[in-house]
Amino acid sequence: MGIRLGCIADDFTGATDLANNLVRAGMRVVQLIDVPPPGAERPVDADAVVIALKSRTVPAADAVDASLRALAWLRSAGAEQIYFKYCSTFDSTPAGNIGPVTEALMDALGTAFTIATPAFPDNGRTVFKGHLFVGDVLLSESGMRHHPLTPMTDSNLVSVLGAQTSRAVGLIDHTVVGRDATAVRARIDELREQGAGIAIVDAVSNDDLVRLGAAVQGMPLVTAGSGLAIGLPANWGFTPSHVAAALPPPGGHRAVISGSVSAATNQQVQEFLRTGRPAFSVDPLRVAAGADVSGEALAFAESHLADGPVLFYSTEAPEAVRTVQTRLGAAEAGELVERTLARVAEGLLERGVRQLVVAGGETSGAVVRALGVTGLRIGPQIDPGVPWCAAALPGGDTLHITLKSGNFGGPAFFTDSFALLDREVS
Ligand SMILES: Nc1ncnc2c1ncn2[C@@H]1O[C@H](COP(=O)(O)OP(=O)(O)OP(=O)(O)O)[C@@H](O)[C@H]1O
Ligand SMILES: O=C(O)[C@@H](O)C(=O)CO
């Protein structure tokens, strides 16, 4: 039998976030890193597949191209419904990529209507009257207004998405979603008659998402953050079960690699350092000056892995990051740090690490690609949006890995994650 749900995620940590919510609602999920090359073996033993792309901030034409290739793969694997996953803060520019990718998927699927909602109440993202809130503030008043690549200065998602697409964008508001699936379907019919092609949907609670999930049963394409995933598996009769999150038992040494510079990750690094555990700071300026920082990090690993987890981090407060970016250029600094951390990850694997926490979306992308990981089986949740995963390594061993979005996870994430693995998977 083919897969039920085929998902296209616009970044790597976002993909595991989505997969996590599907697993918690009872689906067995495999996440693929990039679109498999032609002829690659298809996963047969999963209810949903999430293809993780890095398409959030690339030029719109490239994002469309990658998403269409992912769609073709998922359809050939039997997917009955397609889910385009973007960020719960709707990260995009006026040129895209959420609008252009949505339109291209609609055209390819021959469908005239879809919905859009980044709501993820468990992580404080709610949509009310079409406006996105991050915690207690509007998106435009949150830290996202300063994002270097996708500054979000308008909280009205009807106008944000309207600027990215030629299709008319309507709204299904909370008075409708708060009722039942029948009311949502009636509103969809009304919007279609009025000529809308996409509807932003309000959701302020998980109950709203469950009702919305039921209403979009059979819709060829849905677009959302990860929140909608809690309401979809029931459409195929799946119910929450520990079996869906089962992973093989972990082994080997433990390490954390953090290249995220978000506020939440800074707090997690500080908390780890406070416990006095072994930690190695990766200084981009020393790397740029030619020092063998990855070699030093691996020497440090050799003397401390037995007392792990060991942390390797470039995470710094915003002022320190700005200083580095001014000296090296933001993109150059990012690439240099990602290359260094990816090399450290490779060396850690050679030295027996088999349980790895990675913090930061870009950092996660660099690390999983360097390790040759092509697929992840999704396991139990550590914190909302972040599950443990298992990857088959090229040599045949299993690596337990978690990819943490910068903004996710509690302060003690870097130690709590291993405690959870001991408790729930061993
Ligand atoms: N000390 C540093 N100075 C300059 N750049 C850094 C430093 N540390 C990390 N970086 C770069 O900053 C970027 C951080 O992006 P990444 O996506 O990994 O984390 P994030 O933006 O905090 O998290 P997310 O995208 O999941 O929200 C990476 O390109 C990383 O290499
Ligand atoms: O939706 C979110 O907030 C995350 O899954 C994500 O995409 C962060 O990059």
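Keep in mind the model is a prediction, meaning the values are calculated, not measured.

What follows concerns the site of ligand 2. Ligand 2 sits among Asp11, Thr13, Gly14, Asp17, Arg56, Lys85, Tyr86, Cys87, Ser88, Ser405 and Phe408. Asp17 is positioned with one of its side-chain polar atoms (N or O) 2.5 Å from an oxygen atom of ligand 2. Here an oxygen atom of ligand 2 sits 2.6 Å away from a polar atom, N or O, in the side chain of Ser88. Relative to its free-state accessible area of 270 Å², ligand 2 is covered by the protein chains to the extent of 91%. For the shell around ligand 2, the element with the most residues is helix α1 (residues 12-24), which contributes three residues.

Ligand 1 sits among 19 residues. The nearest are Ser260, Glu338, Glu362, Thr363 and Gly406. The separation between an oxygen atom of ligand 1 and a polar main-chain atom of Val261 is 3.0 Å. In this structure, an oxygen atom belonging to ligand 1 sits 2.7 Å away from a main-chain N or O atom of Glu362. Summarising the interface, the protein chains cover 84% of the accessible area of ligand 1, which totals 640 Å² for the free molecule. Residue assignment for the shell around ligand 1 shows that the elements contributing at least two residues are α11 (318-328), α12 (330-350) and α13 (361-370). The residue inventory of the shell around ligand 1, partitioned by class, reads five nonpolar, 11 polar and three charged.

According to UniProt, the positions carrying the feature "domain: Four-carbon acid sugar kinase nucleotide binding" (unreviewed entry) are residues 255-414. Within residues 255-414, the helical portion is 46% and the strand portion 26%, while the C-alpha atoms at the span's ends are 9 Å from each other.

Moving on to unusual backbone geometry. The step from Gly96 to Asn97 runs through a cis peptide bond, and the omega angle for that step is 15°. Checked against the element boundaries, Asn97 lands in the loop between β4 (81-85) and α3 (98-109). Looking along the chain, the bond that leaves Gly308 and enters Pro309 is cis, with omega of 5°. Take Pro309: it is sitting in the loop between α10 (293-304) and β14 (310-313). Even without being glycine, Phe90 reaches a positive phi, approximately 55°. For Phe90, the location among the structural elements is in the loop between β4 and α3.

Of the two faces of strand β5 (residues 114-117), the one lined by Thr114 and Ala116 and the one lined by Ile115 and Thr117 are each fully buried. Pairing analysis gives three bridges linking β5 to strand β10 (residues 196-201), with the strands arranged parallel. Note that in β10 the partner of Ile115 across the bridge is Ala199. Here β5 runs beside strand β11 (residues 221-224); their pairing, made up of two bridges, is parallel. Directly across from Ala116, in β11, lies its bridge partner Thr223.

With that settled, the discussion passes to the sheet that holds strand β6 (residues 125-128). Note on sheets: strands pair through backbone hydrogen bonds, and any given pair is parallel or antiparallel. Reading across the sheet, the three strands line up as β6-β7-β8 and stay open at both edges, with antiparallel pairing between neighbours. Both edges of this open sheet fall to β6 and β8 (137-138), since each of them pairs with a single strand only. For strand β7 (residues 131-134) and β8, the ladder comprises two bridges, and the chain directions are antiparallel. Bridging from a neighbouring strand, Val134 pairs with Val137 of β8.

Turning to the side chain of Thr340, a few remarks are in order. Along the chain, the position of Thr340 falls in helix α12. Every residue in contact with Thr340, bar those within four places of it in the chain, is listed here: Val282, Val287 and Ser294.

Take the nonpolar core next. The biggest cluster of nonpolar side chains holds 76 residues, and the ones touching the most others in it are Leu22, Tyr83, Phe312, Leu348 and Leu356. Looking at this core, the element that brings in the most residues is α12, giving seven residues. Non-local contacts of Leu348, meaning those with residues more than four positions away in its chain, are made with Ala255, Ile257, Leu298, Ala301, Leu305, Phe312 and Val353. Grouped together as the second largest cluster of nonpolar side chains are 45 residues, Val35, Met106, Met152 and Val160 included.

Bringing the packing of aromatic side chains into the picture now. What describes a pair of aromatic rings is the distance from one ring centre to the other and the angle between the planes of the rings. All chains considered together, the criterion is met by nine aromatic pairs. Considering the side-chain rings of Phe413 and Phe414, the 6.3 Å spacing of their centres and the 80° angle between planes classify their relative orientation as edge-to-face. The burial state of Phe413 is the same as that of Phe414; both residues are buried. In this structure an aromatic cluster arises from ring pairing among Phe84, Tyr86 and Phe90.

Before going further, it helps to examine the packing of helix α8 (residues 263-274) against helix α14 (residues 413-424). Between two packed helices, what matters for the description is the angle formed by their axes and the separation of those axes. Running from N to C, α8 and α14 point in directions that differ by 75°, and their axes come no closer than 8 Å. Regarding the angle of α8 to α14, the classification is roughly perpendicular. Only Phe413, Phe414 and Thr415 of α14 make contact with α8, whose side of the interface consists of Thr265, Gln268, Val269 and Phe272. In terms of residue class, the contact of α8 with α14 is built from four nonpolar, three polar and no charged.

What counts, and at which threshold
Residues numbered from 1 in each chain as written. Chains lettered and ligands numbered in written order. Predicted model: local features only at pLDDT ≥ 70, side-chain atom pairs only at ≥ 80, totals over all residues. Heavy atoms only, no water. Near = heavy atom within 4 Å. Polar contact = N/O pair within 3.5 Å; in protein donor to acceptor, adjacent residues only side chain to side chain. Areas by Shrake-Rupley, 256 points an atom, 1.4 Å probe, with all protein chains shown as cover. Helix = DSSP H or I, 4+ residues; strand = E, 2+ residues; numbered from the N terminus. Nonpolar A, V, L, I, M, F, W, Y, C, P; charged D, E, K, R; others polar. UniProt positions renumbered as here; feature names shortened; annotations may be inferred. Buried < 20%, exposed > 50% of the residue type's maximum accessible area, 1.4 Å probe, protein only. Pairing = 2+ DSSP bridges. Contact = heavy atoms within 4.5 Å. Core = buried A, V, L, I, M, F, W, Y, C linked by side-chain atoms within 4.5 Å. Phe/Tyr/Trp six-rings, centres within 6.5 Å; stacked < 30°, edge-to-face > 60°. Axes fitted to C-alpha atoms, helices over the stretch in contact; angles between N-to-C directions. Parallel < 35°, antiparallel > 145°, perpendicular 65-115°, else oblique.

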